[in-house]
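Next come the chains, spelled out residue by residue.
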Amino acid sequence: MSWEPIVKEQSDWPVVPNLRNYAQAIEDFSWRRAQQELQGLPAGRGLNIAHEAVDRHANTTGNHLALRWLGKNGDVLDFSYEDLRKLTNRFANVLRQLGVSPGERVFALAGRLPELYLAALGTFKNRSVFCPLFSAFGPEPIKARINIGGAKVLVTTEALYQRKVAGIREALPSLEHVLLIGTDQQPTHIPGTLDFHQLMREASDEFTIQLTAPEDIALLHFTSGTTGTPKGAVHVHGAVVAHHITGKLALDLHPEDVFWCTADPGWVTGTSYGIIAPLTNGVTMVVDEADFDAERWYRILQEQKVTVWYTAPTAIRMLMKAGAEIVQKYDLSHLRFLASVGEPLNPEAVVWSQKIYGKPFHDNWWQTETGGIMIANYASMDIRPGSMGKPLPGIEAAIVNKTPDGKIEVVTAPEIQGELALRPGWPSMFRAYLNEPERYQKCFADGWYLTGDLARRDADGYFWFIGRKDDVIKTSGHLIGPFEVESILLEHAAVAEAGVIGKPDPVAMEIVKAFVSLKPGYEASDALRRELFAHARSRLGAVVAPKEIEFRDKLPRTRSGKIMRRLLKAQELGLPTGDTSTLEDS
Ligand code: AMP
């Protein structure tokens, strides 16, 4: 089925877009000019994300509302840019007093609480490295990431600490300080931890950011590969140039906007566009602590008069499921720009939003490694529903194929499938996988960064997503490495082999499905399945644990002994199983 393009007329523009003419913007663009939109630290002390996001505005439009936090129980907290300046100064001073140096890692494990945002920005000010973790992770993913990252500080809540960290604390040798977010009124008293709010109260609200080189590390974001441990993608302070300009051009942020990015900072989107880009662009950003709920979301859009909304396809599909009728109860007239990221946005969703909200969702594409949006549909550009759009100014994207001798061939003809590749050099490109130079090098060939995604480009330069090259699983926007799940299943006494795949799902895109064979002496049964579910959930957390488990007598393996996930997936989908010549039993 083909979809009519959504053609945009200039008269449809509610405000003049920052990017008015794509071809012209490409021609005029340079990263040097993009950097000039930022201020730099006073007295030539370099470029620091927190200065660009907070202090710069505090000095000029300090009373402007920077962050409105909506608590899940109805609390509302407002922070102006000046409030953020002082509070993030306090957190930077807390780190300094604890002896946390530039370059040392500060992890956060918390829901979308204001303290998480203060910790992130305060960490940047101290030139330490911030690493947000999903609060839905179980103890195993938390332990793996804290140890790979060598966390010195963990900011978390009392409840999360008790449930997920206390039991593994002995196995976290680098962790020196745990800061617990209680409430202002009730200090926390758990042995071996410090009280976040008490430290904040005692700290000064003046802090001078010291020399920050653009290449100084600012952020560590974990992502998953097909095999091995999670990978820590390293991002630098200079990335703020890309955060800022992509927020401006792809999300069309204007200072008068009320912007809502629904992503959790545990995912790179929730940091690049849930903290940094909106603040560097001087907007008011809304943060909602609660989980998805269609009515709540529409109420927020109405009451907060959200103008720019950035969300993900799984959420959009859930809104579609909730139906068009409830939309009629709300006034969404302030919305002017809708964007989506994280998984393929099905064309139906774009057309639906145009019909129901009167505005289409603008899909854009990027990944943890790219640090910022690379390909997008722009406010001024016609949308081809189902397409990710066109590369940002300053970004060279291509469809490539690897030749048998390892060379990269750029596909120039339209409509040919290949790997999506980017020319390195944009400011928010990851600089390393922490302590894994070989894994990092493998992502590059012949002067290209290879994204691991398959795509095609049409004759007019629009890019279309086809799928992943590897076995990683995308479920409700989260990237999950099958290896991490298999490893935990294999720890169970009954499990001999485990193979984990992404099974297509109409809402979540994929769900985690595990195939398991049992050790002699164990019988497949519903009781055992329930036991395995519980085991996986307690160790991995709800987002990572499998949603389905199927018992098999034996799992297909290659002759070299690797479980053939590709074959399991083909069998699951009833597809041809392709080349099985490397299969153990063939
Ligand atoms: P993450 O690093 O967790 O943000 O995941 C990045 C991956 O999500 C990409 O490599 C893609 O496979 C997928 N992805 C992100 N945005 C899109 C999009 N707009 N369309 C299709 N897939 C996407």
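Residues numbered from 1 in each chain as written. Predicted model: local features only at pLDDT ≥ 70, side-chain atom pairs only at ≥ 80, totals over all residues. Heavy atoms only, no water.

### A few points about the environment of Pro 5
Point 1. Locating Pro 5 in the fold gives a position in the segment before α1 (22–28).
Point 2. Linking Pro 5 and Asp 264, residues 259 residues apart in sequence, is a C-alpha distance of 31 Å.
Point 3. Excluding anything up to four places from it in sequence, Pro 5 contacts Ile 383 and Pro 385. (Helix = DSSP H or I, 4+ residues; strand = E, 2+ residues; numbered from the N terminus. Contact = heavy atoms within 4.5 Å.)

### Things to note about the sheet that holds strand β13 (residues 337–341)
Point 1. Strand order in the open sheet formed by nine strands is β2-β1-β11-β10-β12-β13-β14-β15-β16, and the pairing between neighbours is mixed. What marks the edges here is a single partner per strand, and that holds for β2 (76–80) and β16 (390–391). (Pairing = 2+ DSSP bridges.)

### Overview of the domain arrangement of the chain
Many analyses report the size of an interface as the accessible area lost when the parts associate.
Point 1. Taken as a whole, the chain is organised into domain 1 (10–455) and domain 2 (473–573).
Point 2. When each unit is reduced to the centre of its C-alpha atoms, the spacing between domain 1 and domain 2 is 30 Å.
Point 3. Taken together, the contact pairs 23 residues of domain 1 with 23 residues of domain 2.
Point 4. Buried area between domain 1 and domain 2, summed over both chains or domains, comes out near 1700 Å², and the portion from carbon and sulfur atoms is 58%.
Point 5. Across the salt bridge formed by Arg 145 and Glu 484, the nearest N and O atoms sit 2.7 Å from each other.
Point 6. The interface formed by domain 1 and domain 2 contains nine residue pairs in polar contact (both at pLDDT 80 or more). (Domains from an automatic or database assignment. Buried area = accessible area lost by both parts, 1.4 Å probe. Salt bridge = Lys/Arg side-chain N within 4 Å of Asp/Glu carboxyl O. Polar contact = N/O pair within 3.5 Å; in protein donor to acceptor, adjacent residues only side chain to side chain.)

### Some remarks on the packing of helix α3 (residues 49–61) against helix α10 (residues 268–280)
Point 1. With their axes 8 Å apart at the nearest point, α3 and α10 run at an angle of 50 degrees to one another. Of the possible angle classes, the one that applies to α3 and α10 is oblique. Taken as a pair, α3 and α10 cross one another with a handedness that is left-handed. Along the contact surface, α3 presents Ile 49, Glu 52, Ala 53, Val 54, Arg 56 and His 57, while α10 presents Ile 276, Leu 279 and Thr 280.
Point 2. Of the residues belonging to the contact of α3 with α10, the class tally is five nonpolar, two polar and two charged. (Axes fitted to C-alpha atoms, helices over the stretch in contact; angles between N-to-C directions. Parallel < 35°, antiparallel > 145°, perpendicular 65-115°, else oblique. Left-handed = near helix turned anticlockwise from the far one by under 90°. Nonpolar A, V, L, I, M, F, W, Y, C, P; charged D, E, K, R; others polar.)

### What about the side chain of Thr 193?
Point 1. Positionally, Thr 193 belongs in the loop between β6 (177–181) and β7 (194–195).
Point 2. What makes Thr 193 buried here is its relative accessible area of 14%.
Point 3. Within the structure, Thr 193 has its side chain in polar contact with the backbone oxygen of Ile 190 (distance 2.6 Å).
Point 4. Leaving out residues up to four positions away in the same chain, Thr 193 has contacts with Tyr 161, Arg 169, Val 178 and Leu 180. (Buried < 20%, exposed > 50% of the residue type's maximum accessible area, 1.4 Å probe, protein only.)

### Notes on the nonpolar core
Point 1. One finds Leu 279, Tyr 310 and Val 516 to be the most contacted residues of the largest nonpolar core, which totals 147 residues.
Point 2. In terms of residues, this core owes the most to one element, helix α5 (residues 114–125), which gives seven residues.
Point 3. Counting only domains with at least three residues in this core, you end up with domain 1 (10–455) and domain 2 (473–573).
Point 4. Filtering out sequence-adjacent residues up to four positions away, Leu 279 remains in contact with Glu 52, Ala 53, Val 54, His 57, Ala 66, Tyr 81, Leu 84, Leu 121 and Met 285.
Point 5. Within the second largest apolar cluster, 29 residues are counted, among which are Trp 260, Trp 297, Tyr 298 and Leu 335. (Core = buried A, V, L, I, M, F, W, Y, C linked by side-chain atoms within 4.5 Å.)

### Here's the deal with the site of the ligand
Point 1. Close to the ligand lie 17 residues; Asp 363, Asn 364, Gln 367, Thr 368 and Lys 474 are nearest.
Point 2. Contact between the ligand and Thr 368: an oxygen atom at 2.5 Å from a side-chain N or O atom of the residue.
Point 3. Within the side chain of Asp 453, an N or O atom sits 2.9 Å from an oxygen atom of the ligand.
Point 4. For the ligand, whose unbound accessible area comes to 500 Å², protein coverage reaches 97%.
Point 5. Listed by contribution, the elements that provide at least two residues to the shell around the ligand are β14 (361–365) and β23 (463–468).
Point 6. With three residues, β14 is the largest single contributor of residues to the shell around the ligand. (Near = heavy atom within 4 Å. Areas by Shrake-Rupley, 256 points an atom, 1.4 Å probe, with all protein chains shown as cover.)

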